[in-house]
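# Geometric and topological summary
Residues per chain are reported as follows:
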Amino acid sequence: MKVKFIAIIILTCSLTSFIWGTFSPAQVAAQVLSVAPIGPDNSVINPITNSHTVALTSSVSISYNQALKPSSVTYRTFAIQAKQSGGLLGNLTVQDTQMTLSPSRPFKAGELVQASATTATVNLADIEPTKATVWQFRTITKKSSGLLADTGQRFNSLTNNQLVNVGDFNQDGLVDMLIGDVIWLNNGAAKFSDKGYRLGYGGATAIDFGDVDGDGDLDALVAMPSAAASATILGSQIWLNDGSGQFSQSSQILSFSNDGVLADMDGDGDMDALLGQSLWLNNGAGVFTASSQIFGSANGAVAAGDLDNDGDLDAVIGYPSNQNNQIWLNNGYGVFTRSGVVGQVTSSKILLDDLNNDHFLDVFLIEPPLQQDTAWLNNGQANFYIMAEQIRDSVPDTLALGDLEGDGDLDFFLARSANQIDQTWFNEGNGNFIGGPQMLGNSDSRAVALADLDGDGDLDAVVGNLYQPSQIWLNGALPDITLEQRATVNDNLINYTITISNIGSAVANGAIFVDQLPANSEFVSLNVPNNYDSVNHTVSVTLADMNPQTQLQFNLTVRLAALPAETTQLTNTITINLANDGEMSNN
């Protein structure tokens, strides 16, 4: 039995009477109606909240000032949820005042992890902590250049390429992708296949993943806007995973919303659903009930995180009609009080993370076109001040945060619509961002997610494009151009067959083929458009983009001034100029 005591002390001074008797005026008495021991408190957590460099094999622990009852510590009362992996199991131990979970499988690189130590973990006298402790952290990514390369793969969803997310949906240790309503399973080395698995409907505006029913795999919250209402769409939905990456819609109907997140909002160890105006609480088995909490007329972007560092998850909520985004602070039990505002207009997306490495959650707001996307830094008490540097865009954009360089701070990938250039921005460590050197395509990009798609420890990107196939960009991936030539002689004509191959893992963009023709020869023909320089006796070709594991073949003919002798040695020198070639020696 769990017991919670409240100590009440009544001091009586110079009273002539009291309910239990009569006291002389000179008496000073302290009547203690109930004095009870306090439950576990003064918690110390590991990893530290909002860390970005937690090892992939790290344990998660919390220590109190009192010994814990081992039988009260379970995967439900001390719950670890990884946003790309689901609910984690492993070696769960209790040593005096500390409980520790050592996960049975490693975290994914750069993933967000949530830990919940609930009030059901009691001391040896069955007394529970005053409140639960919920915190979040990110795992480490490998050192990398942060330079991304197009793999040449393209992915299409007929319903909604504006929606992308990532996670290990079939629990094979590889990060899969959701694009629109299509589940793309990772076969290894960032090669994906469509097995026919579908999730949600074309009108969905957000999908977030988490283990809602306690079986360890990733389930989904599908946020549906009121504009999508129909005879078959009655609200937002919960889709349950069978563990193989196949999702099925549950019978539950939640409120309509333009955005939604799964997080433990009441500190009981399971994933609740924060949906615009309302909060839906999970009973641990994936059954949701609307709480009495109402966030007013909210119907914009939402985000959850511990803004005031008190061990529970708060909320930032977007509102319509150019109202400010509002901050709602949690009392630890899923009851929220509005405490202030952040931003100046209604944001299209709200991101919470530590941008300047002080372990306080900051706010990154994605604003409508012609407005500035802004970063707001937290003083640790949910009071925010705007950074001097902002991004102004004339077209709708969105971004995803992650440590692209593996240097311990969060960078971002900016995805831009209207066929504008996508770009990476790198953090200087203090929340100031500098635009990276790469121009990453010019599709009509509407969504982006970051994850380690190829299993090499750094963060890659999947970008959702409107009316165009989506694509992935691998971090640190490079093309590798090789070539070979064969020659045949027919009288004074030499015919060269030249084969150019890209054996690398990324698209070769802008490669230039240059052929220094043999001495005492003249150029006759090349079967592709080319530039012949008669002065330097070279012929050059700007090659079309070459996908990985593809080839180009040229036929070059030159004429010798005279018939060669049998022992004549002729030299035809070919070079391939490619700025980011992974191996120059084989050119």
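Here the structure is shown first, and the text comes after it.
The paragraphs below set out a description of the structure included in this document. Small disclaimer: the values here were computed from a predicted structure and weren't measured. (Residues numbered from 1 in each chain as written. Predicted model: local features only at pLDDT ≥ 70, side-chain atom pairs only at ≥ 80, totals over all residues. Heavy atoms only, no water.)

### Section: the overall build of the chain
A count of helices and strands for the chain gives zero helices and 47 strands. Put simply, the chain shows about 24300 Å² of open surface, and 52% of that area lies on carbon and sulfur atoms. (Helix = DSSP H or I, 4+ residues; strand = E, 2+ residues; numbered from the N terminus. Areas by Shrake-Rupley, 256 points an atom, 1.4 Å probe, with all protein chains shown as cover.)

### Observations concerning the environment of Asp358
Its location among the elements puts Asp358 in the loop between β28 (349–353) and β29 (362–366). The class of Asp358 is partly exposed, set by a relative accessible area of 27%. Separated by 22 residues in the primary sequence, Asp358 and Gly380 place their C-alpha atoms 8.8 Å from one another. A polar atom in the side chain of Asp358 sits 3.0 Å from the backbone nitrogen of Phe360. (Buried < 20%, exposed > 50% of the residue type's maximum accessible area, 1.4 Å probe, protein only. Polar contact = N/O pair within 3.5 Å; in protein donor to acceptor, adjacent residues only side chain to side chain.)

### Looking at the sheet that holds strand β5 (residues 78–82)
Judged by pairing direction, the sheet is antiparallel, and its four strands sit side by side in the order β6-β5-β9-β10 without closing on themselves. Sheet topology places β6 (86–87) and β10 (133–138) at the edges, where each strand pairs with a single neighbour. With two bridges joining them, β5 and β6 adopt antiparallel strand pairing. Bridge pairing in β6 links Gln81 to Gly87. (Pairing = 2+ DSSP bridges.)

### Some words on the sheet that holds strand β38 (residues 460–465)
Strand order in the open sheet made by the four strands is β11-β39-β38-β37, with antiparallel pairing throughout. Since the sheet does not close on itself, it has two edges, and those belong to β11 (148–155) and β37 (445–451), each with one partner. The mean angle between the axes of side-by-side strands here comes to 20°, regardless of whether they run parallel or antiparallel. Bridge analysis of β37 against β38 gives six bridges, and the strand direction is antiparallel. Note on β38: the bridge partner recorded for Val448 is Val463. (Axes fitted to C-alpha atoms, helices over the stretch in contact; angles between N-to-C directions.)

### Re the pattern of salt bridges
Scanning the entire structure with this criterion turns up ten salt bridges. Among the salt bridges present, the one from Asp168 reaches Lys108, with a minimum N-O distance of 3.6 Å. Taken together, the positions of Asp168 in the loop between β12 (164–167) and β13 (176–179) and Lys108 in the loop between β8 (98–103) and β9 (112–117) put the pair 60 residues apart, joining distant regions of the chain. Accessibility expressed as a relative area gives 3% for Asp168, which makes it buried. A salt bridge links Lys131 to Asp312, with the nearest nitrogen and oxygen atoms 2.8 Å apart. Of the two residues, Lys131 sits in the loop between β9 and β10 while Asp312 sits in the loop between β24 (302–305) and β25 (314–317), which places them 181 residues apart along the sequence. Judged by relative accessible area, which is 3%, Asp312 ranks as buried. (Salt bridge = Lys/Arg side-chain N within 4 Å of Asp/Glu carboxyl O.)

### With respect to the packing of aromatic side chains
If you walk through the whole model with that rule in mind, you get 14 aromatic pairs. Summarising the aromatic geometry, the rings of Phe155 and Trp184 are spaced 5.0 Å apart at their centres and angled 75° between planes, so their arrangement reads as edge-to-face. Of this pair, Phe155 sits in strand β11 while Trp184 sits in strand β14 (residues 182–186), and the two are 29 residues apart along the sequence. The same class applies to Phe155 as to Trp184, namely buried. (Phe/Tyr/Trp six-rings, centres within 6.5 Å; stacked < 30°, edge-to-face > 60°.)

### A look at the environment of Leu478
Mapped onto the elements, Leu478 comes out in the loop between β39 (470–475) and β40 (481–490). In this structure Leu478 comes out as partly exposed when scored by relative accessible area, which is 37%. Sequence separation between Leu478 and Gly504 is 26 residues, and the spatial gap between their C-alpha atoms is 6.0 Å.

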